[in-house]
Amino acid sequence: MKSGDHGMELEDTQLVPHLLDASLMFPDRISPIDSWHRHIPFAFFIMSLMSPRVFVELGTHRGDSYSAFCQAARRFNLEIRCYAVDTWEGDEHAGYYGDEVFNEFASFHEAVYAEFSRLLRMRFDQALKIFSNGEIDLLHIDGLHTYEAVRDDYESWLPKMSDSGVILFHDTNAPEKESFGVGRLFQEVSSGRPHFEFKFGYGLGVLAVGSRVSELMLEFLEWSAANSELAHRIFWVQGSDIELGRLSMIIEHRDRLGQQLKHARSVVKKRDMQLEALLEHRDKLGQELSHARSVIAERDAELQATRSSRVTKKLNK
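Since the structure is predicted, the reported quantities are computational estimates derived from the model, not experimental observations.

**Some details on the overall build of the protein chain**
Okay, step 1: Across its full length, the protein chain carries nine helices and nine strands.
Okay, step 2: A sequence separation of at least 24 residues applies to 77% of the contacts in the protein chain between residues at least 6 apart.
Okay, step 3: Per element, the accessible surface of the protein chain, about 17,800 Å² overall, is 51% carbon and sulfur.

**Some details on helix α6 (residues 147–157)**
Okay, step 1: Along α6, the residues classified as buried are Y147, A149, V150, D153, Y154 and W157.
Okay, step 2: Lining the buried residues of α6 we find β1 (54–58), α5 (124–127), β6 (136–141), β7 (161–170), α7 (182–190) and β9 (204–208).

**Overview of the confidence of the model for the protein chain**
Okay, step 1: With 89% of its residues at a pLDDT of 70 or more, the protein chain shows a mean pLDDT of 88.
Okay, step 2: Here residues 1–5 is a poorly scored stretch, pLDDT under 50, and it has 14 contacts once near neighbours within four places are set aside; other chains count.
Okay, step 3: Contacts for the low-pLDDT stretch residues 247–251, under 50 throughout, to residues beyond four places or in other chains number zero contacts.

**Some details on helix α4 (residues 99–112)**
Okay, step 1: If you check α4, its first and last C-alpha atoms are 20 Å apart, about what 14 residues at 1.5 Å a residue would give, namely 20 Å.
Okay, step 2: Of all the positions in α4, only V101, F102, F105, A106, F108 and H109 are classed as buried. What you see down the axis of α4 is that its buried residues fit within an arc of 165°, all on one side. In α4, the exposed positions that point more than 90 degrees away from the buried face belong to E100, S107 and A111.
Okay, step 3: Residues of α4 that are buried make contact with α3 (64–75) and β5 (117–121).

**Concerning the environment of G201**
Okay, step 1: Topologically, G201 is positioned in the loop between β8 (195–198) and β9.
Okay, step 2: Residue classification places G201 among the buried residues on the basis of a relative accessible area of 19%.
Okay, step 3: For the pair G201 and A174, spaced 27 residues apart in the sequence, the C-alpha separation amounts to 8.7 Å.
Okay, step 4: Those residues in contact with G201 that sit more than four places away from it in its chain are S35, H39 and H170.

**Observations regarding a nonpolar patch on the surface**
Okay, step 1: A cluster of nonpolar side chains, contributed by L275, L278 and L279, occupies part of the molecular surface with about 280 Å² of accessible area.
Okay, step 2: Tracing the sequence through the fold places L278 in helix α9 (residues 228–316).
Okay, step 3: Under the relative-accessibility criterion, L278 is labelled exposed at 56%.

**Overview of the pattern of salt bridges**
Okay, step 1: Scanning the entire structure with this criterion turns up 11 salt bridges.
Okay, step 2: One salt bridge connects E115 with R74, and the closest N-O pair in it is separated by 2.6 Å. With a gap of 41 residues between them, E115 in the loop between α4 and β5 and R74 in helix α3 connect regions that are remote in the sequence.
Okay, step 3: Exposure remark for R74: the relative accessible area of 35% places this residue in the partly exposed category.

**Comments concerning the nonpolar core**
Okay, step 1: F42, M217 and F220 are the most contacted members of the largest nonpolar core, which totals 57 residues.
Okay, step 2: It is helix α2 (residues 40–50) that contributes the most residues to this core, nine residues altogether.
Okay, step 3: Each residue touching M217, except ones within four places of it in the same chain, is listed here: I46, L49, M50, V166 and V206.
Okay, step 4: With 26 residues, the next largest nonpolar core counts V85, F124, Y147 and F169 among its residues.

**Remarks on the packing of α6 against α7**
Okay, step 1: Remark: α6 packs on α7, axes separated minimally by 8 Å, with the N-to-C direction vectors making an angle of 40°. The angle between α6 and α7 places the two elements in the oblique class. You can see that α6 and α7 cross each other, and the crossing is right-handed. Note on element contacts: α7 touches α6 through V182, R184, L185, E188 and V189, opposite Y147, V150, R151 and Y154.
Okay, step 2: Considered class by class, the residues forming the contact of α6 with α7 number six nonpolar, no polar and three charged.

Thresholds applied
Residues numbered from 1 in each chain as written. Predicted model: local features only at pLDDT ≥ 70, side-chain atom pairs only at ≥ 80, totals over all residues. Heavy atoms only, no water. Helix = DSSP H or I, 4+ residues; strand = E, 2+ residues; numbered from the N terminus. Contact = heavy atoms within 4.5 Å. Areas by Shrake-Rupley, 256 points an atom, 1.4 Å probe, with all protein chains shown as cover. Buried < 20%, exposed > 50% of the residue type's maximum accessible area, 1.4 Å probe, protein only. pLDDT = per-residue confidence, 0-100. Expected span 1.5 Å × (residues − 1). Arc of directions from axis to C-beta. Patch = residues over 30% accessible without salt bridge, like charges linked within 9 Å, V, L, I, M, F, W, Y side chains within 5 Å. Salt bridge = Lys/Arg side-chain N within 4 Å of Asp/Glu carboxyl O. Core = buried A, V, L, I, M, F, W, Y, C linked by side-chain atoms within 4.5 Å. Axes fitted to C-alpha atoms, helices over the stretch in contact; angles between N-to-C directions. Parallel < 35°, antiparallel > 145°, perpendicular 65-115°, else oblique. Left-handed = near helix turned anticlockwise from the far one by under 90°. Nonpolar A, V, L, I, M, F, W, Y, C, P; charged D, E, K, R; others polar.

Below, the structure written as structure tokens:
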């Protein structure tokens, strides 16, 4: 694959095996929240590329992005510890919700990734004390997206990053969200540092913050910066495959629900016919009962008349 007229050729880099590894994966978890779906291939890729020892995600919600990182960690047999930090209560951007979101994701997580991953249900500032300075290799910031909030997340967690540290910022390109300040912060903190920004999927900023970031990671950032259109195309196409797969799952689910609805309607129709027959039988029994009561009343009247006649005859004697 050629990179075009600018920059190094892709086949001249060491990136191809990692791109191929990522391209062969499909996410184990896809929720109805699709804002991160197109970046899942990059989550697979960066885990293969970096082999981080500690990964932390700030803001997990339904867990699509976090599950992708964990899935890649397992697929590539990484010696890693993963942590998802979230209150699972929501915020002004994600909306507010109850325990059902956490309970559903926790059930999935514990069954699949619990051996190397933990869910930390707490505020980001509360989780800071759990990690030592210089401990985290890969950090994904996806919490409240106001400028003040994301700046505080970045500044608070930057000391926790290792010498090989890389930070991902989601929602760097959400122009319709006036209250989002992630893009502004990313522009400020990426100046003079190796970085790249994917514009699709609401934007994903990739920033090398460590003093000894791996050569592979720096090679990717250099290559993607020189070949932005191709880098976008590679990951956008893979993300599109995931979206198409999600749509296929939705269609399959819709068809399955349609079959269930058809069966339910058949059952209801059958029950209606049975109910109609029972009602007809009830009405017939009612008519028979009414006739029986009428006959009994006639018999009672005849019996009463007979008794009265006998009494009269006795009195006349």
